[in-house]
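For reference, the chains in residue letters:
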Amino acid sequence: SYINGLAISPDGQLLASASADQTVKLWNLATGQSIRTFTGHQSYVNAVVFSPDGHLIASASADQTVKLWNVTTGVLVRTLKGHQSYVNAVAFTPDGKQLVSASADKTLKIWDLQTGAEVRTITGHSSFVETLAISPDGQRLISGSADKTLKIWDLSSGELLHSLTGFDAHIR
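Let me sum up the structure you'll find in this document.

## Brief notes about the overall build of the chain
Phase 1 of the analysis: When helices and strands are tallied, the chain shows zero helices and 16 strands.
Phase 2 of the analysis: Since a compact globule built from 172 residues should have a radius of gyration of about 16 Å, the 15 Å found for the chain is in line with a globular shape.
Phase 3 of the analysis: Going through the 172 residues of the chain one by one, you find that 47% of them count as buried.
Phase 4 of the analysis: For the chain, the share of sequence-separated contacts (at least 6 apart) that also reach a separation of at least 24 residues comes to 34%.
Phase 5 of the analysis: Here the chain has roughly 8300 Å² of accessible surface; of this, 49% comes from carbon and sulfur atoms.
Phase 6 of the analysis: The centroid of the 13 positive side-chain charges in the chain is displaced by 5 Å from the centroid of its 14 negative side-chain charges.

## Overview of the packing of aromatic side chains
Phase 1 of the analysis: Going through the model one piece at a time under the given rule, you end up with two aromatic pairs.
Phase 2 of the analysis: Arranged with centres 5.3 Å apart and planes meeting at 55°, the rings of Phe38 and Trp69 form a pair that is tilted. With Phe38 in strand 4 (residues 34–39) and Trp69 in strand 7 (residues 65–70), the pair connects residues that are 31 residues apart, well separated along the chain. As far as the burial class goes, Phe38 and Trp69 line up, both buried.
Phase 3 of the analysis: An angle of 65° between the planes, with centres 5.8 Å apart, marks the rings of Tyr44 and Tyr86 as edge-to-face. Linking Tyr44 in the loop between strand 4 and strand 5 (45–50) with Tyr86 in the loop between strand 8 (76–81) and strand 9 (87–92), this pair joins segments that are 42 residues apart in sequence.
Phase 4 of the analysis: With a relative accessible area of 30%, Tyr44 lands in the partly exposed category.

## Some points on the side chain of Asp63
Phase 1 of the analysis: Mapped onto the secondary structure, Asp63 falls in the loop between strand 6 (56–61) and strand 7.
Phase 2 of the analysis: Within the local environment of Asp63, its side chain forms a polar contact with the side chain of His41, the two groups lying 3.0 Å apart.
Phase 3 of the analysis: Sequence-distant contacts of Asp63, that is, excluding residues within four places in its chain, are made with His41, Gln42 and Ser43.

## Thoughts on the sheet that holds strand 8
Phase 1 of the analysis: Reading across from one edge, 5-6-7-8 is the order of the four strands in this open sheet, with antiparallel pairing throughout. Edge positions in the open sheet fall to strand 5 and strand 8, since each of these has one partner strand only. Sheet twist, expressed as the average angle between the axes of neighbouring strands with direction ignored, equals 20°.
Phase 2 of the analysis: When strand 6 meets strand 7, the two strands line up antiparallel, connected through five bridges. Across the sheet, the residue bridging to Ala60 is Val66, located in strand 7.

## Quick look at the sheet that holds strand 10 (residues 98–103)
Two pairing modes exist for strands in a sheet, parallel and antiparallel, and in both the strands are linked by backbone hydrogen bonds.
Phase 1 of the analysis: The strand order across the open sheet built from four strands is 9-10-11-12, with neighbouring strands paired in antiparallel fashion. Two strands bound the open sheet, and with one partner strand each, they are strand 9 and strand 12 (118–123). On average, adjacent strands in this sheet sit at an angle of 20° to one another, irrespective of strand direction.
Phase 2 of the analysis: Here strand 11 (residues 107–112) pairs with strand 12 via five bridges, running antiparallel. Within the sheet, the bridge partner assigned to Leu108 lies in strand 12 and is Ile122.

Parameters and conventions
- Residues numbered from 1 in each chain as written.
- Predicted model: local features only at pLDDT ≥ 70, side-chain atom pairs only at ≥ 80, totals over all residues.
- Heavy atoms only, no water.
- Helix = DSSP H or I, 4+ residues; strand = E, 2+ residues; numbered from the N terminus.
- Rg over C-alpha atoms; globule rule 2.2 N^0.38 Å.
- Buried < 20%, exposed > 50% of the residue type's maximum accessible area, 1.4 Å probe, protein only.
- Contact = heavy atoms within 4.5 Å.
- Areas by Shrake-Rupley, 256 points an atom, 1.4 Å probe, with all protein chains shown as cover.
- Lys, Arg positive; Asp, Glu negative; His and termini not counted.
- Charge placed at Lys NZ, Arg CZ, Asp CG, Glu CD.
- Phe/Tyr/Trp six-rings, centres within 6.5 Å; stacked < 30°, edge-to-face > 60°.
- Polar contact = N/O pair within 3.5 Å; in protein donor to acceptor, adjacent residues only side chain to side chain.
- Pairing = 2+ DSSP bridges.
- Axes fitted to C-alpha atoms, helices over the stretch in contact; angles between N-to-C directions.

Bear in mind that shape data such as this cannot, by itself, settle questions of function.
Encoded structure:
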């Protein structure tokens, strides 16, 4: 199966892999040994990321969900539902209080991790949103799309600040 995404824990000890076999695997980087497999997605897993404190893993899937996993116990903490198509990318805010997901439904969603509630849906891309990044200060959200643009958003308000164009192909 394809490996669609990789993430290293903040302490540098663990590796998480997102796979087309519908799983997330956790690895010990020092030994190369598999620690556990997280199962529960109903389609391939596109992306994986550790929370800033290293206690959670978020996985984004073609099953239209984001799942939050406890790294230590392997327990599924929460499933975030609301996208209408594949979820392609996911990122925690630097304070670890929110999560942002990017989807083939052309949207970005901001989630409150304490409640699991959707805080905001950001629209503005005309095609699949493939990738995202959050600035280290947590103020800006950058999204890349199959519409051949990068967009820079104010994370707290969802306001579009800049649209970067001139790309010859979709942005992944």
